[in-house]
Amino acid sequence: KKAQHIITMAASDVEYDLVSIGAGSGGTRASRMIAKAGLKVAVVELPFGLVSSQDVGGAGGTCVLRGCVPKKLLVYASSFQAEFRDACGFGWEESKRGFDLKHLMDKKTAEVQRLNGIYGRLLKNSGCDYVEGRGKIVDPHSVEVTAPDGTKTILKTKNILVATGGRAFVPDVPGKEHCDTSDEGLVYEETPKVMCIVGGGYIAVEFAGIYAGFGTEVHVVCRRDLPLRGFDEECRKLVLSNLEKRGVKMHMNSSPVSVEKREGGGLGVTVSTPEGGNVVIECDKCMFATGRKPNVENLGLENVNVELGPNKAIKVNNILQTSCPSIWALGDVIDRIQLTPVALMEGMALTQTMQGNPKEPDYKYVPSAVFCQPPLATVGISEEEAIETHVGEIDVFVEGFRPMRNTLSGRDERALMKLIVDAATGKVLGAHMVGPDSPEIMQGIAVAIKAGATKAAFDSTVGIHPSSAEEFVTMRTLTRRVKCKGAAKM
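My aim in this report is to walk through the structure given alongside it, one point at a time. (Residues numbered from 1 in each chain as written. Predicted model: local features only at pLDDT ≥ 70, side-chain atom pairs only at ≥ 80, totals over all residues. Heavy atoms only, no water.)

For the rest of this paragraph, the subject is the packing of helix 1 (residues 25-36) against helix 4 (residues 101-125). It is at 9 Å that the axes of helix 1 and helix 4 come closest, and there the two elements cross at 25 degrees. Classed by the angle they form, the pair helix 1 and helix 4 counts as roughly parallel. Handedness of the crossing formed by helix 1 with helix 4: left-handed. Here helix 1 contributes Ser25, Thr28, Ser31 and Arg32 to the contact with helix 4, which in turn contributes Tyr119, Leu122 and Leu123. (Axes fitted to C-alpha atoms, helices over the stretch in contact; angles between N-to-C directions. Helix = DSSP H or I, 4+ residues; strand = E, 2+ residues; numbered from the N terminus. Parallel < 35°, antiparallel > 145°, perpendicular 65-115°, else oblique. Left-handed = near helix turned anticlockwise from the far one by under 90°. Contact = heavy atoms within 4.5 Å.)

Let's shift gears to the sheet that holds strand 14 (residues 285-288). A sheet is described by the order of its strands in space; here four strands give the open sequence 10-9-8-14, paired in parallel fashion. In the strand order of this sheet, the two ends are held by strand 10 (249-251) and strand 14, each with one partner. Averaged over all adjacent pairs, the angle separating strand axes in this sheet is 20 degrees, with direction ignored. In terms of strand pairing, strand 8 (residues 194-198) meets strand 9 (residues 217-221) through five bridges, oriented parallel. Bridge pairing links Met195 to Val218 in strand 9. (Pairing = 2+ DSSP bridges.)

Counting through the fold element by element, Arg134 comes out in strand 4 (residues 134-139). Comment: no salt bridge for buried Arg134; closest opposite-charge side chain is Asp55, at 4.8 Å. Polar contacts involving the side chain of Arg134 include one to the main-chain carbonyl oxygen of Gln54, which spans 2.5 Å. The residues contacting Arg134, other than those within four sequence positions of it, are Val44, Leu46, Gln54, Glu144, Val145, Thr146, Arg167, Glu297 and Asn298. (Buried < 20%, exposed > 50% of the residue type's maximum accessible area, 1.4 Å probe, protein only. Lys, Arg positive; Asp, Glu negative; His and termini not counted. Salt bridge = Lys/Arg side-chain N within 4 Å of Asp/Glu carboxyl O. Polar contact = N/O pair within 3.5 Å; in protein donor to acceptor, adjacent residues only side chain to side chain.)

Moving on, we come to the layout of surface pockets. The volume enclosed by the second largest pocket comes to roughly 880 Å³. Lining of the second largest pocket is provided by 33 residues; of these, Pro374, Pro375, Arg405, Pro436 and Asp437 occupy positions nearest its centre. Listed by contribution, the elements that provide at least two residues to the lining of the second largest pocket are helix 3 (68-88), helix 10 (404-409) and helix 11 (438-450). When residues of the lining of the second largest pocket are assigned to their parent elements, the largest contribution, seven residues, is made by helix 3. Grouping the constituent residues of the lining of the second largest pocket by class yields 15 nonpolar, six polar and 12 charged. (1 Å grid on protein atoms, 1.4 Å probe; cavity = no way out; pocket = protein on both sides within 12 Å on 5 of 7 lines; lining within 4 Å. Points joined across faces, edges and corners; volume = space filled by probe spheres on them. Nonpolar A, V, L, I, M, F, W, Y, C, P; charged D, E, K, R; others polar.)

In total, this model carries one cavity of 30 Å³ or more according to the counting rule given. Its volume calculated, the largest cavity comes out at about 40 Å³. Ala168, Phe169, Thr181, Ser182, Ile203, Phe288, Ala289, Thr290, Gly291 and Arg292 together form the lining of the largest cavity. Taken together, the residues of the lining of the largest cavity break down into five nonpolar, four polar and one charged.

What follows deals with the sheet that holds strand 20 (residues 415-422). Read from one edge to the other, the open sheet built from six strands follows the order 17-18-21-20-19-22, with strand pairing classed as antiparallel. Edge strands, defined here as strands with exactly one partner in the open sheet, are strand 17 (368-370) and strand 22 (480-483). The average angle at which neighbouring strand axes cross in this sheet is 15 degrees, direction not considered. Of the pairings in the sheet, the one linking strand 19 (residues 393-401) to strand 22 comprises four bridges and is antiparallel in character. Note on strand 22: the bridge partner recorded for Asp395 is Arg481. On the sheet, helix 7 (residues 233-245) packs against strand 18 (376-380), strand 19, strand 20, strand 21 (428-434) and strand 22 and is oriented at approximately 5 degrees with respect to strand 21.

Inspection of the secondary structure assignment puts Ile420 in strand 20. Between the alpha carbons of Ile420 and Lys455 there is a distance of 9.2 Å; along the sequence they are 35 residues apart. Ignoring anything within four residues of it in the chain, the contact list for Ile420 reads Ile381, Ser382, Glu383, Ala386, Ile394, Asp395, Val396, Lys427, Val428, Leu429, Gly430 and His432.

Glancing now at the side chain of Ser254. Position of Ser254 among the secondary structure elements: in the loop between strand 10 and strand 11 (256-261). One polar contact links the side chain of Ser254 to the main-chain carbonyl oxygen of Met252, over a distance of 3.0 Å.

Worth remembering: the numbers are spatial, not functional.
Given below as structure tokens:
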């Protein structure tokens, strides 16, 4: 079904200031702002669909259609089971309840479709031409668009923006054709009885929490000893503990060997063990959450000699310009920091550049969150990163505690807060938290750290009581001082 905002294919004799390939978060933000600045912009995007492919996309991109937004809706839905149990500790009586995954998915899909329409209207109302089809670069100033019916049109332009995002990566494991990615995990209509999730990153731990909350027996197969590589190690340890306490079966230091389809319709996932043997996990669904790769296939980049990195990410300079001067790129396709707000920030920087004021994206102190249950949130550097890159010494402040809500509910789950501080100057270099509401708390902390706050500023701030957030301004006892190995100041 065609959305009403889609225009007739643009005439080939029209010259644009910018043609953007991709209407995800970054491409939409850049295109809208550049069009509002008075430049003529066209945006090329694939037809809408819930599961992406070489022929399916949609305005809004991964985050809105098959990523952050629908994922967060499922996180909300899955959290109720634990909250129902917690309520008994506060005097509420246990009552009979059921869960209808199809009902949830139908509601989620309706919301995603609504947002898809909004993104298209945002582009149109900003003055952009929206062209549905597959965009391919022909030369430095031409984009060929193949419409869903097969007709082709050439769009002439001064500049081209590649904002095609990324796609889920599935390693070459025998039987991988029987497995799903997060795309499919967002459209299941029946709750799996048993599910195997391969991976240890944020997508894996988020979906583990989601389906465990729906009542599924979840197995996570992770090749390392802790999930969430790149995050602070103490936080990683607590996330692992919390997952296990919520019933998720964690297979650490393990890797998938093969996947076989059973006659009864299930799957047998053979997994290597740390001891050198193999075990078989019998399940209904197997999801690979093994990372995402830049989406650069069939874009015609070879026609204009755009350089790619070892992981096929588009290489750009400090103002997002590729090796072909008229072609620009941003978002997950350049694989700097794969976060929606980063793509939005890059889009705003490119807007300035397109108006003749070259602007570099600012990647310093980018906050992020993992919506495991309870969630992890962070800004700045981890203790491990500080040790490797910082000069001098760092002061580490750590506070672990049982959230007040858990005292009556009886839930055996702890929270953790952590500050990394430059010992010489007192400047706060990083903040980390695992616990309820940590993303909401960390957004405010990020503003302070971005503004250069010191530990003394934190200490002099009056807390909000009773709250978990106040722990960030009441940590007075130094946990440890650590000598760093870095050669240059941060």
